[in-house]
Amino acid sequence: NNNNNNNNNNNKTTMSVDNEVDLTLWEPLPSIPKPDDFRGYAATTIRDTVYISGGLLGSALTSRGEGKSVVQNTLFAYNMETRQWTELPKMKYCRWGHRLVGQEGGRFLFAI
């Protein structure tokens, strides 16, 4: 049973009781300024900003099983209001596979 009211134009994503999302209301966001093989990063949101830290660049393994990935210490912020990515000062240590936690309205970010 779908109880959505699709007659109003309020620009909100509607969901039915079957968890079907109206994808016509979604729009693509600008890509993070990193290559396509960027992975292993951590992310968190605080208010209208998404933060992404660390990660790996490069192929995971060569044909001989040797690693070719480079661990990153980068920190990016995406402002949902301006739709812009900003590269922030680098973290002191390179990290991947970690968690990112924000506190006090974005004043502190913890990479753990």
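Analysis parameters
Residues numbered from 1 in each chain as written. Predicted model: local features only at pLDDT ≥ 70, side-chain atom pairs only at ≥ 80, totals over all residues. Heavy atoms only, no water. Helix = DSSP H or I, 4+ residues; strand = E, 2+ residues; numbered from the N terminus. Buried < 20%, exposed > 50% of the residue type's maximum accessible area, 1.4 Å probe, protein only. Contact = heavy atoms within 4.5 Å. pLDDT = per-residue confidence, 0-100. Pairing = 2+ DSSP bridges. Axes fitted to C-alpha atoms, helices over the stretch in contact; angles between N-to-C directions.

A few words now on the environment of Phe-110. With respect to the helices and strands, Phe-110 occurs in strand β8 (residues 108-111). On the basis of relative accessible area, Phe-110 is assigned to the partly exposed category, the value being 37%. Separated by eleven residues in sequence, Phe-110 and Arg-99 place their C-alpha atoms 8.0 Å apart. Apart from residues lying up to four places away in sequence, Phe-110 is in contact with Arg-99, Leu-100, Val-101 and Gln-103.

A few words on the confidence of the model for the protein chain. Overall, the predicted model of the protein chain reaches an average pLDDT of 78, with 71% of residues at or above 70. The model gives residues 1-17 a pLDDT under 50, and that stretch makes 16 contacts with residues more than four places away or in other chains.

Here we take up the sheet that holds strand β2 (residues 49-53). With antiparallel pairing, the four strands of this open sheet are ordered in space as β1-β2-β5-β6. Of all strands in the sheet, those with a lone pairing partner are β1 (42-46) and β6 (84-88), marking the two edges. The average angle at which neighbouring strand axes cross in this sheet is 20°, direction not considered. One ladder, built from five bridges, connects strand β5 (residues 75-79) with β6; its direction is antiparallel. The partner of Tyr-78 across the bridge, within β6, is Trp-85.

Within the fold, Gly-97 resides in the loop between β6 and β7 (100-103). Residue Gly-97 is classed as partly exposed on the basis of its relative accessible area of 49%. Along the sequence, Gly-97 and Tyr-41 sit 56 residues apart, while their C-alpha atoms lie 6.2 Å from each other.

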